[in-house]
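The residues making up each chain are set out below.
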Amino acid sequence: MVLADLGRRINAAVAQVTSSTTSVEEADIDTMLKEISRALLESDVNIKLVLKLRDSIKKKIVNDKTPGLNKKKLIQKTVFDELCALVDCEAQPYKPKKNQANVIMFVGLQGAGKTTTCTKLAVYYQKRNFKVGLVCADTFRAGAFDQLKQNATKARIPFFGSYTETDPVEVARIGVEKFKKQKFEIIIVDTSGRHRQEKELFKEMVEIGDAVKPQQTVMVLDGSIGQSAQQQAQAFKESSNFGAIILTKMDGEAKGGGAISAVAATKTPIIFIGTGEHTQDFETFFPKQFISKLLGIGDIQGLMEH
Amino acid sequence: PFSFLQNYIGGKTITNADITKTIELLNNHLIKKNVSPEIASKITLNIQKNLLGSKTRTWESVELTAKRSLAEELQKILTPNTSIDLLHEIQLKLNSKQKNPYVISIVGVNGVGKSTNLSKLAFWLLQNNLRVLICACDTFRSGAVEQLKTHVNNLKNLSIDEKIKNQIELFEGGYGGSDLVAKIAKSAINYAKENQFDVILMDTAGRRHNDARLMAPLQSFARAANPDKIIMVGEALVGTDSVQQARNFNKAFGADRTLDFFIISKCDTVGDLIGSMVNMVYATGIPILFVGIGQTYTDLRTLSVDWAVRMLMS
Ligand SMILES: Nc1nc2c(ncn2[C@@H]2O[C@H](COP(=O)(O)OP(=O)(O)OP(=O)(O)O)[C@@H](O)[C@H]2O)c(=O)[nH]1
Ligand SMILES: Nc1nc2c(ncn2[C@@H]2O[C@H](COP(=O)(O)OP(=O)(O)OP(=O)(O)O)[C@@H](O)[C@H]2O)c(=O)[nH]1
Ligand SMILES: [Mg+2]
Ligand SMILES: [Mg+2]
C-alpha cells in the first residue's frame, strides 16, 4: 500500500531533523515541514488540511523553548500527534448485536464500490454467524440488481430486489420489512451512487434512510479520490449522518489521502478497507495500528505519553 | 482566489524570493483544483521562466504575467493537437471499399464510468444515423452483461420508429476468462460485417492499472479486436493516481499502439476541481474526446477548453 510510502517519507523528514548532531534551526524545521507537506499532498490529502497541519506543527515547535535533545523529542511527538489527529477519531463505530435486526445502509459516490462491498460485508458477518440479507435499493443504475444478485448468489447470501418497482424507497422498505419478519440479524441496503451537486439524489437518500431507519450508515469511498473527497464526504455526512467509512480499491496505488481528509472533515472512523474485486479482498481497519504502521513505529503509545 | 497576487504593488524589482513565493502560490492553487503536485510543478516551471523575464517590470505586471502565463499554459495543454472529429473518421472508413465496421474499445480502471459512457457514445452515434453493435467484453464483473443489455433496450425504446429499433444490438457471450474476451471480440466483428453494422463499441472490464496480471490481457485483446480507436475513460473524482492511470493504460497496448482519446467522466461531481483532466492529458499528450457530465444518455459533451481554463483559474 502506498500509505506505507507516505509513512517512510514523513519518518525520513523527521529523522533528518532529529538525528542531526547540531541544534535544530528554524530553517531545518521548515525543510522538514515542506517535505511532510509534499508527501501528504502527493497522497491526496486535502490541501487546506495540509496547510493547517503545517502551521500548527510549526507554531507548537517554534513557540516551545525546550533546548537540545528534548526539543527533538518534542518535534517527533508533535508531528505524530498532528498526524494521528488526522486519521484517528474518538467516535466508536456501531457494533451489530445478535438476536435483533441491525440495518446497515450503504451510501456513496458513483462507482465507489458500494455494491461490491455490500457482499463483502455480508460475507464478513455471515462468517461470524449472523443471519445476513442483502437489499438492492438501487433502481437507477442499469443492471444494478443483477450485479447484487449474482454477487449474493455466489456468496450464498439471501437477497431482495425488484425488476419492476422503480421507487428505491419502496424496494428498500419492503425488503427490510421482509427480512425483519424472517428474523434476519444483519440487513444490508445497497443504494445507487450520488453526489452533492444533485439535490434530488440526496433527497432520495434521506427518504430511503427514513424508510429503513438504519442502525448504521456506511459511506463507501474510493481510495484514490482526490481533492473533492472532503466536500463530498461533508455533504453526505450532513444528509445521511453516516457513522463509518469503508475505503475501497486500496489494492491499487490509491494513496488514501482523500479518505484521510474525509475522516478529518466528518470525524467518522474508517472500519474496513477493500483490497480487490473478490469477496475475500476485505480487511478490518484499526486507526491506531494503522498510524503506527504508517509511521513505522511499534510503540506509538509510549511516544504519546511522554 | 487569486487575491494573493493583489498584495503586489507596482514599481518594485522582483527578487528571487518573490518569484519562489509566487510559484508556490500558483502550485497550491493548482493542487487545490486537483492537479497533482508533480504535474503542478512541471506546469509552473514555465511560468517561473516568464517571471524571471519580467524582472525589471513593475509588480503589477508580475501579477498579470503569472496569471496570463498559467492560463496560456493550461489552454495549451488542454487543446488537442490532433483531430478529434471522430464522425469524420468513421465516415472515411465506411466509405472505403472494404466496408469493415469501425471498432472502438473502451478501457479504464474500475468504476470510472466505462459502460455508462459507452452507452452515451452509442446514443450519439445513433443520432448520427449510424448502426451500432455493442459488444460485451467485460466478462468478469457481476451484472456487466445485463447492464449493457438494459442500455441497449433503453436506447431501442427511445424511438417508436421500428427502423431505428434495428439500429442497435448487443453482442454478448456471457461470463468467463480472458480467452473468452478475445473470442467474443472476434465473433462480434464478423457478426457486424455480416449484418451491416457501422460501428462496434467494445466494453471491457475495469482493471487496476498497476496490476500486470490484469493489464497484460489488454494487449492480446487489442490484437484480436484491432480497434480503430482505443478510448480510456478516466474520472474527474480521482486524485494524483490519475497521472499513473493514464500513463499505464497508454503503454498497455505494446510498443506501437497508444490510447487515442480520453473521456473524462463525472465532471458534474467535482465543481471547479477539474484538475484530473489536466493530469491525464499532461502525462500522456492524449486528447480529450468528450467529457461526461451526468448519468443520462445526453450527458456527453465536447470539452470547451475556454470553460476548463476558466474553472481552473477561478
Ligand atoms: N481493485 C478493486 N476494485 C474494486 C474494489 N471494490 C470494488 N471494486 C470494483 O469497482 C467497480 C465499481 O464497483 P461497484 O460495487 O459497482 O460500485 P458502486 O459504488 O456500487 O457503483 P454505483 O452503484 O454505480 O454507484 C467494480 O468494477 C468493482 O469490481 C476494490 O477494493 N479493489
Ligand atoms: N455523475 C456522473 N456519474 C457517472 C458519469 N459517468 C458514469 N457515472 C456513474 O458511475 C457509475 C459507474 O459507471 P459504470 O459505467 O458502471 O462504470 P464502469 O467503469 O463501467 O465500471 P466497471 O465496469 O465496474 O469497472 C454509475 O453509477 C454511473 O451512472 C458521469 O459523467 N457523471
Ligand atoms: Mg452499485
Ligand atoms: Mg463496466
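Residues numbered from 1 in each chain as written. Chains lettered and ligands numbered in written order. Predicted model: local features only at pLDDT ≥ 70, side-chain atom pairs only at ≥ 80, totals over all residues. Heavy atoms only, no water.

Caption draft 1: Structural detail: the sheet that holds strand β3 (residues 168-171) of chain B. Residues and elements named next belong to chain B. The 8 strands lie next to each other as β3-β2-β4-β1-β5-β6-β7-β8, forming an open sheet whose pairing is mixed. Of all the strands in the sheet, just β3 and β8 (300-301) have a single pairing partner and so form its edges. Here 6 bridges tie strand β2 (residues 132-137) to strand β4 (residues 199-204), and the two strands are oriented parallel to one another. Residue pairing in the sheet places Leu133 in a bridge with Ile200 of β4. The strands that helix α4 (residues 86-95) touches are β1 (102-107), β4, β5 (229-235), β6 (261-265) and β7 (288-292); relative to β1, the one it contacts most, it runs at about 140°. Along the sheet face, helix α5 (residues 114-127) touches β1, β2, β3, β4, β5, β6, β7 and β8 and points at about 170° away from the line of β4. (Pairing = 2+ DSSP bridges. Helix = DSSP H or I, 4+ residues; strand = E, 2+ residues; numbered from the N terminus. Contact = heavy atoms within 4.5 Å. Axes fitted to C-alpha atoms, helices over the stretch in contact; angles between N-to-C directions.)

Caption draft 2: Just the site of ligand 2, in detail. Around ligand 2 sit 25 residues in total, of which B:Lys114, B:Ser115, B:Thr116, B:Arg141 and B:Gln295 are the nearest. More than a single chain frames ligand 2: its nearby residues are located in chains A and B. Within the contact set of ligand 2, an oxygen atom lies 2.9 Å away from a backbone nitrogen or oxygen of B:Gly111. Separating an oxygen atom of ligand 2 from a side-chain N or O atom of B:Arg141 is a distance of 2.8 Å. With 5 residues, α5(B) is the largest single contributor of residues to the shell around ligand 2. Across the shell around ligand 2, the residue classes break down as 2 nonpolar, 16 polar and 7 charged. (Near = heavy atom within 4 Å. Polar contact = N/O pair within 3.5 Å; in protein donor to acceptor, adjacent residues only side chain to side chain. Nonpolar A, V, L, I, M, F, W, Y, C, P; charged D, E, K, R; others polar.)

Caption draft 3: Structural view of the site of ligand 1. Surveying the vicinity of ligand 1 reveals 24 residues, the closest of which are A:Gly113, A:Lys114, A:Thr115, A:Thr116 and A:Arg141. With respect to ligand 1, the chains having nearby residues are chains A and B. For ligand 1, an oxygen atom lies 2.9 Å from a polar atom in the side chain of A:Gln147. In the environment of ligand 1, a nitrogen atom lies 2.8 Å from a nitrogen or oxygen atom belonging to the side chain of A:Asp251. Counting residues per element, the shell around ligand 1 draws most heavily on helix α5 (residues 114-127) of chain A, at 4 residues.

Caption draft 4: Main features of the confidence of the model for chain B. Across chain B, the average pLDDT comes to 92, with 94% of residues at or above 70. Interface predicted TM-score (ipTM) for the complex: 0.94; the corresponding pTM is 0.94. (pLDDT = per-residue confidence, 0-100.)

Caption draft 5: Focus on the interface of chain B and chain A. Across the boundary between the two partners, chain B contributes 38 residues, which contact 39 residues of chain A. For the pair chain B and chain A, the summed buried surface comes to about 3300 Å²; carbon and sulfur atoms form 51% of the total. A per-residue breakdown of the area chain B buries against chain A is headed by B:Ser142, B:Leu237 and B:Gln295, which together make up 18% of the total. Viewed at the interface, chain A and chain B are joined by 2 salt bridges. (Buried area = accessible area lost by both parts, 1.4 Å probe. Salt bridge = Lys/Arg side-chain N within 4 Å of Asp/Glu carboxyl O.)

Caption draft 6: Region of interest: the pairing of β6(B). Residues and elements named next belong to chain B. Of all the 5 residues making up β6, 5 are buried; the element is thus mostly covered by neighbouring parts of the structure. Residues Phe261, Ile263 and Ser265 point to one face of β6 and Phe262 and Ile264 to the other, with burial holding for every one of them. On the question of chirality, the crossover connecting β5 to the parallel β6 by way of helix α11 (residues 241-250) is right-handed. Taken together, the 3 bridges between β6 and β7 define a ladder with parallel strand orientation. Within the sheet, the bridge partner assigned to Phe262 lies in β7 and is Ile288. Taking the sense of rotation as the criterion, the β-α-β connection linking β6, helix α12 (residues 275-284) and β7 turns out right-handed. (Buried < 20%, exposed > 50% of the residue type's maximum accessible area, 1.4 Å probe, protein only. Right-handed = clockwise from strand over helix to strand, strands pointing away.)

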